[in-house]
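Here is what each chain is made of, one letter per residue.
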Amino acid sequence: IETGFELIDNVLSWAAPHNLYIILDMHATPGGQGGGSEINDYDPTKPSLWESQANKDKLVALWTRIADRYKDNEWIGGYDLINETHWDLPGGAALRELYEDITVGIRSVDTKHILYIEGNSYANDHTGLLPPWDDNLVYSFHKYWNVNTTNTIQWVLDMRNEHKVPLWMGESGENSNMWFKEAISLFENNNIGWAWWPWKRITTTVSAFSIPSNSQYDAVMKYWKGEGPIPDADDAYNGMMALTQSTLVDNTIYNKGVVDA
């Protein structure tokens, strides 16, 4: 199935003229890598990534296929192997084992690109993931909803100092403009690269762009949440299509204060 690769190809074609690197992030693994949160694709009636060898094998095969396709693309900034694992994995052993298996697959076809390694507990528990097992590896963490003082990131600074491995703050946002300014200063003062999440959200003040919603789409959301009747199929379709048009930058509301922060 080529559709997913075509989407990535499009992103790369748009990014290259602007000298933008693309880091591919496996945000949803086969079976789902975490439970207890609406951001995960885990279905409790089916085996998770951690409960199925077939799902693990599929993930290794997928990453190997991705790496083989993009091994020579200069605008691929690397591969973020698993986003925000949230599962009971004693000592991090199962997480490290799977990371190592993915690494073997990727390195069989691509020896150039960086591997980004997130910890358990929404990326912030790297138990069992030290020391590094590859010489082109970055430890990644996420930062939400805590104060922006050095002691809150001291644990990653210690990892970097001990193992001589770079750091990347791969996800942050959803707070306030003042928090954004403080966080980025904290990262940059400590030589930590960073990325924001997300650039666009529906009806928001905390992303660079706010996507206008519409009543037909709102009715779909209420139905999905069990708060309203099932919408008419045509109305639901029209609302979803209208929302896709609203996501275009020219149709969004630009929150300049977020970008300034």
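Please refer to the structure higher up on the page.
Figured I'd write up the structure that's included with this text. Since we're looking at a predicted model, the values are computed, not measured. (Residues numbered from 1 in each chain as written. Predicted model: local features only at pLDDT ≥ 70, side-chain atom pairs only at ≥ 80, totals over all residues. Heavy atoms only, no water.)

### Some details on the side chain of Thr64
Thinking step 1. Take Thr64: it is sitting in helix α2 (residues 53–70).
Thinking step 2. Classification of Thr64 as buried rests on a relative accessible area of 19%.
Thinking step 3. Contacts of Thr64, omitting those with residues within four sequence positions, involve Gly105, Ile106, Ser108 and Val109. (Helix = DSSP H or I, 4+ residues; strand = E, 2+ residues; numbered from the N terminus. Buried < 20%, exposed > 50% of the residue type's maximum accessible area, 1.4 Å probe, protein only. Contact = heavy atoms within 4.5 Å.)

### Here we look at the sheet that holds strand β5 (residues 167–172)
Thinking step 1. Strand order in the open sheet made by the 6 strands is β1-β2-β3-β4-β5-β6, with parallel pairing throughout. The open sheet has two edge strands, β1 (22–25) and β6 (193–194), and neither has a second partner.
Thinking step 2. As judged from the 2 bridges shared by strand β2 (residues 76–80) and strand β3 (residues 115–118), these two strands associate in the parallel manner. Residue pairing across strands places Asp80 opposite Tyr116, the latter belonging to β3. (Pairing = 2+ DSSP bridges.)

### A short note on the sheet that holds strand β8 (residues 209–211)
Backbone hydrogen bonds are what pair the strands of a sheet, in a parallel or an antiparallel way.
Thinking step 1. Sheet architecture is open: 3 strands sit in the order β7-β8-β9, paired in mixed fashion. Each edge of the open sheet carries a strand with a single partner, namely β7 (200–202) and β9 (253–254).

### Thoughts on helix α6 (residues 177–189)
Thinking step 1. The end-to-end C-alpha separation of α6 is 18 Å, in line with the 18 Å expected for 13 residues at 1.5 Å each.
Thinking step 2. Three or more residues of α6 are buried, namely Trp179, Phe180, Ala183, Ile184, Leu186 and Phe187. An end-on view of α6 places all buried positions within 155° of arc, on one side of the element. Opposite the buried face of α6, by more than 90 degrees, sit the exposed residues Met178 and Asn189.
Thinking step 3. Taken together, the buried residues of α6 touch β4 (137–143), β5, β6 and α9 (256–260).
Thinking step 4. Following α6 by one or two positions, Asn191 adopts a phi angle in the positive range, close to 55°. (Expected span 1.5 Å × (residues − 1). Arc of directions from axis to C-beta.)

### Notes on the pattern of salt bridges
Thinking step 1. Under the criterion given, the structure shown has 9 salt bridges.
Thinking step 2. Across the pair Asp72 and Lys112 runs a salt bridge whose closest N-O atoms are separated by 3.1 Å. Within this pair, whereas Asp72 is found in the loop between α2 and β2, its partner Lys112 is found in the loop between α3 (93–107) and β3, the two being separated by 40 residues in sequence. As far as burial versus exposure is concerned, Asp72 and Lys112 are alike and both exposed.
Thinking step 3. Here Asp260 and Lys256 are joined by a salt bridge, their closest N and O atoms 2.8 Å apart. Linking Asp260 with Lys256, this pair stays in helix α9, spanning 4 residues, or about one helical turn. (Salt bridge = Lys/Arg side-chain N within 4 Å of Asp/Glu carboxyl O.)

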